[in-house]
Amino acid sequence: MPDALLFYIFSGLMLAAALSVVLNRQPVYAVLSLLLAMFCLAALFVLLGAYFVAALQILLYVGAVLVLFLFVVMLLNLDRDTLARLQPFTRRGLGTLVALLFATQLILLLNRAALLAPLAEVPAPAGTVRDIGRLLFTTYLLPFELTSFLILAAIIGAVTLARGLWKPE
């Protein structure tokens, strides 16, 4: 019974924090709400007995990615005046375009996965750090490297925006 109660507490808190991320107008508070959501997710992993995944969640996402987000948000210094100057139609139009592209890619991926289902699947790791590391640096090396390039591009973009080299219309 205590596990179920803790699950409901952490799940509810995580949903409230996720809603705060989406609905909050202040970027710093949104990042801090995302921090709370990530901690709640790590707590849910602990409840499932996945201690290694919970530790990775805290070290990687909370310790590295969210600190980077907070640093970029503070570096950009997005206040209400800066956000008001951005045209709402441009933001909505760009957001709608990205959402449509994402939905299209997701549908294509799901259709492709249904066609490729009979193919051999990657064996599940035994759960040790060695097995996960071996899979990460052999089978999943390309997605791992692409993620690092994506993070590098985000950092370069944030620095370019912060230095004023790119001016929005």
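Everything discussed here concerns the structure shown above.
Bear in mind the structure is a predicted one, so any value in this text is a computation, not a measurement. (Residues numbered from 1 in each chain as written. Predicted model: local features only at pLDDT ≥ 70, side-chain atom pairs only at ≥ 80, totals over all residues. Heavy atoms only, no water.)

**Thoughts on the overall build of the protein**
Next, step 1: Of regular secondary structure, the protein possesses seven helices and zero strands.
Next, step 2: Written out in order from the N terminus, the α and β elements of the protein read α-α-α-α-α-α-α.
Next, step 3: Here the protein, with 169 residues, has 12% of them falling under the buried criterion.
Next, step 4: Once local pairs closer than 6 in sequence are excluded, the contacts in the protein between residues at least 24 apart make up 53%. (Helix = DSSP H or I, 4+ residues; strand = E, 2+ residues; numbered from the N terminus. Buried < 20%, exposed > 50% of the residue type's maximum accessible area, 1.4 Å probe, protein only. Contact = heavy atoms within 4.5 Å.)

**Considering the side chain of Q57**
Next, step 1: The residue Q57 is located in helix α3 (residues 51–76) in this model.
Next, step 2: A relative accessible area of 6% places Q57 in the buried class.
Next, step 3: Among all residues touching Q57, those that are not within four sequence positions of it are M38, L41, A42, F45 and V62.

**Description of the packing of aromatic side chains**
Next, step 1: Applying the stated criterion to the full structure yields two aromatic pairs.
Next, step 2: The interplanar angle of 65 degrees and the centroid separation of 5.5 Å between the aromatic rings of F7 and Y8 together place this pair among those described as edge-to-face.
Next, step 3: Classification of F7 by relative accessible area gives partly exposed; the value is 42%.
Next, step 4: A centroid spacing of 5.2 Å and a plane angle of 80 degrees characterise the contact between F137 and F144, whose relative ring orientation is edge-to-face. (Phe/Tyr/Trp six-rings, centres within 6.5 Å; stacked < 30°, edge-to-face > 60°.)

**Looking at the packing of helix α1 (residues 2–23) against helix α2 (residues 27–47)**
Next, step 1: The N-to-C vectors of α1 and α2 enclose an angle of 160 degrees; their axes lie 8 Å apart at closest approach. If you check the angle between α1 and α2, you find them roughly antiparallel. The two elements α1 and α2 cross, and the hand of that crossing is left-handed. In this structure, α1 contributes D3, L6, F7, F10, S11, L13, M14, A17, A18, S20 and V21 to the contact, and α2 contributes A30, S33, L34, L36, A37, C40, L41, A43, L44 and L47. (Axes fitted to C-alpha atoms, helices over the stretch in contact; angles between N-to-C directions. Parallel < 35°, antiparallel > 145°, perpendicular 65-115°, else oblique. Left-handed = near helix turned anticlockwise from the far one by under 90°.)

Everything listed here is a matter of geometry and, on its own, says nothing about what the molecule does.
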